[in-house]
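Chain by chain, the residues run as shown.
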Amino acid sequence: MRWGCHLPRASWGPGLGRVLQPAEAIQRHRQNLAEWFSRLPREERQFGPTFALDTVHVDPVIRESTPDELLRPLAELALEHQPPSAGFPPLALSQLFDSDACGRRVQTVVLYGTVGTGKSTLVRKLVLDWCYGRLPAFELLIPFSCEDLSSLGPAPASLCQLVAQRYTPLKEILPMMAAAGSCLLFVLHGLEHLNLDFRLAGTGLCSDPEESEAPAAIIVNLLRKYMLPEASILVTTRPSAIGRIPSKYVGRYGEICGFSDTNLQKLYFQLRFKQPDCGHGTGGFSATPAQRDHLVQMLSRNLEGHHQIATACFLPSYCWLVCATLHFLHAPTPAGQTLTSIYTSFLHLNFSGEMLDSTDPSKLSLMAYAARTMGKLAYEGVSSRKTYFSEEDVRGCLEAGIQTEEEFQLLHVFRRDALRFFLAPCVEPGHLGTFVFTVPAMQEYLAALYIVLGLRKTTLQRVGKEVAELVGRVGEDVSLVLGIMAKLLPLRALPLLFNLLKVVPRVFGRVVGKSREAVAQAMVLEMFREEDYYNDDVLDQMGASILGVEGPRCRSDEPTEDEVFELFPMFMGGLLSAHNRVVLAQLGCPIKTLDALENAQAIKKKLGKLGRQVLPPSELLDHLFFHYEFQNQRFSAEVLSSLRQLSLAGVRMTPLKCMVVAAVLGSGRHALDEVNFASCQLDPAGLRTLRPVFLRARKLGLQLNSLGPEACRDLRDLLLHDQCQVTTLRLSNNPLTAAGVALLVEGLAGNTSLKHLSLLHTGLGDEGLELLAAQLDRNQQLLELNVAYNGAGDTAALALAKAAREHPSLELLHLYFNELSSECRQALRDLGSTTEGGARVVVSLTEGTAVSEYWSVILGEVQRNLNSWDRGRVRRHLELLLRDLEDNRGATLNPWRKAQLLRVEGEVRALLEQLGGPGS
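These numbers were taken from a predicted model, which means no experiment stands behind them.

Novice: Can you break down the overall build of the chain residue by residue, with the values?
Specialist: Summing up its helical and strand segments, the chain has 38 helices and 18 strands in all. Scored against the burial criterion, the 920 residues of the chain give a buried share of 54%. Sequence separation of at least 24 residues holds for 80% of the intrachain contacts in the chain that already meet a minimum separation of 6.

This is how it looks when you write it as structure tokens:
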């Protein structure tokens, strides 16, 4: 990762006008450098203010190499991706300038590594170590960014001027630089940005630090040891630029090998995740120590299992991406941060300002080249539904369209410097010898980028564009001539030709429009593939790919016949958002605003047609996540205006998913007929996040969420909200208890919309039912109340039944499956059979000697909850109901009633058999 190209101009401060002593000047220089190099990029600051390089840095493996290794011909594609072979022992930072094997003093060290191996972070750590006195061998350290120096062009300046402009405290002691000898260390970071010429005819000799030369000439003479010959020099560069320094001027080469040891990867993750929590809104990893430990343990197990993630984390940059993704999935997400923005930021950290080859006149952006080549491979994989690529597949995409020597040279640079960043050898059994994208989501991101940049063109588009441009250019000149000739000569063909010149560009425009519609169609079809309907949602898929799957994998012996690319449409939407387009433009991959608008219109048109279908919960969440990634409220409001039912039952609603749903649907205006969050592992924080969505709901299902009394505070506030329009609230199978009901009745007292309330199996007990009995009259609109299976006794049940009978609006009270005596059940039946009006009380499957019209409701609840309720307790209640049915069947002479009772008995016996009890 990179540090800023323009280094700070330190100020004199209060000491202006007086000459600083050397020790004082160097100390001021240390302070300024420490302040500058401690500053983190915006992408790093999301980890919170406690995140600092000193606390989380893990040194990558540095392997010493020889000039002979560097001069070997470029290896085949398959060999380029193998970890470096064992040779010299790894080098520590403190050993870089130790004497070589022959005892010779080492003055110049060149560290090289591909994109993502951690060169910039290593330099930043080295500088900070010196600032804090951890490199005592050097009294003075002067870092230069070669990107900064290259921006100066050929404008002459002396070494002293370059230093003084960037490090003002050193201005007065520059004449002493020559006397510093080996205690002076120059750090030249990013040598690939400079085009160095070591020929005497190209760069003359210069030994005077005060003499003005082009910056590149000064660097050449420093490296020649003609200027300040005793100074030590550390150079970092990409592999393709190693040859720009003749090997005779280099004392030691070191290859930065990244985290080739799995233990280094695990150490990095432990340091990252165990940073102190900074609290909500500051970007800290908001989780308990136990949750952090659990994440680290799962990640470590996945790394130890030699899964593909360990190959990806060979590059420290991808360790950062893993942390950023887990932070996104598990920590409070800053407003506007999306998965697409994380991947775009990741590429910005690694490729911002990077040209493919600084010596090439085209000055082509490295990221633009990657989008064209790796994007093509990625898209071909998505379109053919494959993630494993042969060497021929890779070579075909890299070499497509290459015709000139210059293009082959650019390809050579890309292969050496960046190919390993995007592709890794596959380590999965059955696919050895193939290549995969370093992380699966990167394939889908690059495929989406390839599309939105307009790099995918059909033959008709390519030919049509050339013809249209040619006709357009010729037409401007010829149209004027034809217009004059048409007035002078009676040639009827001239107007026809004149109009034809205008038509050709329009026809090409229609071809491009049809192409956009085809891309939108493909994206929408990928989003709504029926084959993916029963997959996990994309966020859970991402978490599983990083952390692995807890417990045995389902159908592990059955290979996946069809790859899933559900992130591809998400990334397409995300890349069209304004923020990501700005960052991509900085990477040399601009997306024109007009193109983005036309793509969005094409997508909206297709979504409008296919988005009305009823989707399974996980697919519906994916659809909402697409809108979240797009970050366009107007677009989402128009597309989702037909949504009337929101069913996410069974989806594990993490804080991120709650935020996604609230962000996309919370600002909508039309009511939602039904919102179902049953069995979603919601907690009180999730309820608060989703409140804007709940306020739009008429029917709200929150069953099976383990919501306790503390959640009832949020439910009370929802019911008391002046915009609440909930008519049906299902809270069954949540441990609300009597303490929770005490809060709920406060909400009922001030609510005017609720008609149906289910508190089935919520642990109310006698106390809860008595609270309801005492407070029920404070609500005047309730029509139905279900308090079945709550462990209540006779007294509480009778009290609530009497209150229900006196309630002005209540029509139905469910009391079955409570701990009621036979006398109480009979009393409740008698109470419900009076003709004075009031609520009907449902306590059994029978009413007198007839079957209750609510028998299917009771047995339906049992069937739905058979696996979650106490089996012994349910069996006991079913046996009582069965005995009641048998008694009533024997007491009636009506054959129709006997048949009905016999049918219901059969249903009860079937349930008893499922529970393992006797069927008779």
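Past the structure itself, the notes keep going.
Novice: Kindly report on the packing of helix α16 (residues 366–383) against helix α18 (residues 405–417), identifying the contributing residues and their values.
Specialist: Taken N-terminus to C-terminus, the directions of α16 and α18 make an angle of 95°; their axes are 12 Å apart at the nearest point. One element, α16, and the other, α18, form an angle in the roughly perpendicular class. Residues Leu366, Tyr369, Ala370, Thr373 and Met374 of α16 lie in contact with α18, whose contacting residues are Glu407, Leu410, Leu411 and Phe414. Per-class residue counts for the contact of α16 with α18 are 7 nonpolar, 1 polar and 1 charged.

Novice: Account for the environment of Gly243, naming residues and giving values.
Specialist: Looking at where Gly243 falls in the secondary structure, it is placed in the loop between β5 (232–237) and β6 (252–256). The sequence separation of Gly243 and Pro67 amounts to 176 residues, and the corresponding C-alpha distance is 9.9 Å.

Novice: Would you mind going over the sheet that holds strand β11 (residues 697–701) in detail, with residue names and values included?
Specialist: Spatially, β9-β10-β11-β12-β13-β14-β15-β16 is the arrangement adopted by the 8 strands of the open sheet, whose pairing is parallel. Strands at the two margins of the open sheet, each flanked by one partner only, are β9 (645–647) and β16 (840–842). When strand polarity is set aside, the average angle formed by the axes of neighbouring strands in this sheet is 10°. As defined by bridge partners, strand β12 (residues 728–730) adjoins strand β13 (residues 756–758) across 3 bridges and the pair is classed as parallel. Paired with Thr728 across the strands is His756, a residue of β13.

Novice: Can you break down the environment of Glu879 residue by residue, with the values?
Specialist: Summarising the element assignment, Glu879 is placed in helix α37 (residues 871–891). Residue class for Glu879 comes out partly exposed when judged on its relative accessible area of 28%.

Novice: So, the pattern of salt bridges: which residues are in play, and what are the values?
Specialist: One pass over the full model with this rule turns up 36 salt bridges. For Arg105, the salt bridge goes to Glu230, with nearest N and O atoms at 2.9 Å. Highlighted residues: Arg105 in the loop between α5 (77–80) and β2 (108–112) and Glu230 in the loop between α10 (215–224) and β5, separated in sequence by 125 residues. With a closest N to O distance of 2.9 Å, Glu391 and Arg395 form a salt bridge. Linking Glu391 with Arg395, this pair stays in helix α17 (residues 391–399), spanning 4 residues, or about one helical turn. Sharing partners across several salt bridges, the network here consists of Asp537, Asp540, Arg652 and Lys657.

Novice: Talk me through the sheet that holds strand β4 (residues 184–189); I want residue IDs and the actual numbers.
Specialist: Taken in spatial order, the 6 strands of this open sheet run β1-β6-β2-β5-β4-β3, and their pairing is mixed. Strand pairing shows two members of the sheet lacking a second neighbour, β1 (62–65) and β3 (140–145), which therefore form its edges. Here the average twist between neighbouring strands, direction ignored, is 20°. Across 5 bridges, β2 lies against β5 in parallel orientation. Residue pairing across strands places Tyr112 opposite Thr237, the latter belonging to β5. Lying on the sheet, helix α6 (residues 119–131) is in contact with β1, β2, β3, β4, β5 and β6; it crosses β4 at an angle near 160°.

Novice: Break down the pairing of strand β10 (residues 672–676) for me, citing the residues and quoting the values.
Specialist: Across 3 bridges, β9 lies against β10 in parallel orientation. In the strand pairing of β10, Ser647 is matched with Asn676. Between the parallel pair β9 and β10, the chain is carried across by helix α29 (residues 655–665), and the sense of this crossover is right-handed. Here β10 pairs with β11 via 4 bridges, running parallel. Along β11, the bridge assignment pairs Asn676 with Gly701. Tracing the backbone out of β10, into helix α30 (residues 684–694) and back to the parallel element β11 gives a crossover that is right-handed.

Novice: Describe a nonpolar patch on the surface, listing the residues and the values that go with them.
Specialist: Together, Leu200, Leu205 and Tyr226 make up a nonpolar patch on the protein surface, roughly 310 Å² of accessible area in all. If you trace the backbone, Leu200 turns up in the loop between β4 and α10. According to the relative accessible area criterion, Leu200 is exposed, its value standing at 58%.

Novice: Explain helix α20 (residues 440–452) to me, using residue names and the numbers behind them.
Specialist: If you check α20, its first and last C-alpha atoms are 19 Å apart, about what 13 residues at 1.5 Å a residue would give, namely 18 Å. Where burial is concerned, most of α20 is hidden: 12 out of the 13 residues are buried. Here α20 has its buried residues at Ala441, Met442, Gln443, Glu444, Tyr445, Leu446, Ala447, Ala448, Leu449, Tyr450, Ile451 and Val452.

Novice: I'd like to hear about the environment of Leu547, residue by residue, with values.
Specialist: Assignment of secondary structure puts Leu547 in helix α23 (residues 538–547). Overall, Leu547 belongs to the buried group, its relative accessible area being 9%. As a C-alpha pair, Leu547 and Asn302 span 245 residues in sequence and 6.2 Å in three-dimensional space. Not counting residues within four places of it along the chain, the set of residues in contact with Leu547 comprises Leu295, Met298, Leu299, Asn302, Leu326 and His330.

Novice: Residue-level account of the confidence of the model for the chain, with values.
Specialist: When pLDDT is averaged along the chain, the result is 83; 82% of the residues meet or exceed 70. Overall, residues 1–19 carries pLDDT values under 50, and its contacts beyond four positions in sequence, including any with other chains, amount to 56 contacts.

Novice: Explain the side chain of Lys266 to me, using residue names and the numbers behind them.
Specialist: Residue position: Lys266 is located in helix α11 (residues 262–273). When near neighbours in sequence (up to four residues on either side) are disregarded, Lys266 contacts Ser300, Leu303 and Glu304.

Novice: Now, about helix α32 (residues 737–750): what can you tell me, with residues and values included?
Specialist: With 14 residues, α32 extends 21 Å from end C-alpha to end C-alpha; this agrees with the ideal 20 Å at 1.5 Å per step. Taken as a whole, α32 has its buried residues at Ala738, Gly740, Val741, Leu743, Leu744, Val745, Gly747 and Leu748.

Novice: Tell me about unusual backbone geometry, and name the residues and values.
Specialist: One non-glycine residue, Lys225, lies in the positive phi region at around 65°. By secondary structure assignment, the location of Lys225 is in the loop between α10 and β5. Its identity is not glycine, yet Arg385 carries a phi of approximately 60°, on the positive side. With respect to the helices and strands, the residue Arg385 is situated in the loop between α16 and α17.

Novice: Any chance you could break down the packing of aromatic side chains for me, citing the residues and the numbers?
Specialist: Overall, the coordinates contain 30 aromatic pairs when judged by the stated rule. The interplanar angle of 65° and the centroid separation of 5.0 Å between the aromatic rings of Tyr318 and Phe346 together place this pair among those described as edge-to-face. Taken together, the residues span a long stretch of sequence, with Tyr318 in helix α14 (residues 316–330) and Phe346 in helix α15 (residues 339–351) at a distance of 28 residues. For Phe346, a relative accessible area of 0% puts it in the buried group. On the basis of an interplanar angle of 80° and a centroid distance of 5.0 Å, the ring pair of Phe421 and Phe422 is categorised as edge-to-face.

Novice: Go over the pairing of β4, please, and point to the residues and values.
Specialist: Across the 6 residues that make up β4, a large majority, 6, are buried. Going residue by residue along β4, you find Leu184, Phe186 and Leu188 tucked away on one face and Leu185, Val187 and His189 tucked away on the opposite face as well. Bridge count for β3 against β4 is 6 bridges, and the pairing is parallel. Residue Leu140 lies in a different strand from β4, and its bridge partner there is Leu184. Inspection of the sheet shows β4 paired to β5 by 5 bridges, in the parallel sense. Bridge pairing links Leu188 to Val235 in β5. Regarding topology, α10 serves as the crossover connection from β4 to the parallel β5, and that connection is right-handed.

Rules of the game
- Residues numbered from 1 in each chain as written.
- Predicted model: local features only at pLDDT ≥ 70, side-chain atom pairs only at ≥ 80, totals over all residues.
- Heavy atoms only, no water.
- Helix = DSSP H or I, 4+ residues; strand = E, 2+ residues; numbered from the N terminus.
- Buried < 20%, exposed > 50% of the residue type's maximum accessible area, 1.4 Å probe, protein only.
- Contact = heavy atoms within 4.5 Å.
- Axes fitted to C-alpha atoms, helices over the stretch in contact; angles between N-to-C directions.
- Parallel < 35°, antiparallel > 145°, perpendicular 65-115°, else oblique.
- Nonpolar A, V, L, I, M, F, W, Y, C, P; charged D, E, K, R; others polar.
- Pairing = 2+ DSSP bridges.
- Salt bridge = Lys/Arg side-chain N within 4 Å of Asp/Glu carboxyl O.
- Right-handed = clockwise from strand over helix to strand, strands pointing away.
- Patch = residues over 30% accessible without salt bridge, like charges linked within 9 Å, V, L, I, M, F, W, Y side chains within 5 Å.
- Areas by Shrake-Rupley, 256 points an atom, 1.4 Å probe, with all protein chains shown as cover.
- Expected span 1.5 Å × (residues − 1).
- pLDDT = per-residue confidence, 0-100.
- Phe/Tyr/Trp six-rings, centres within 6.5 Å; stacked < 30°, edge-to-face > 60°.

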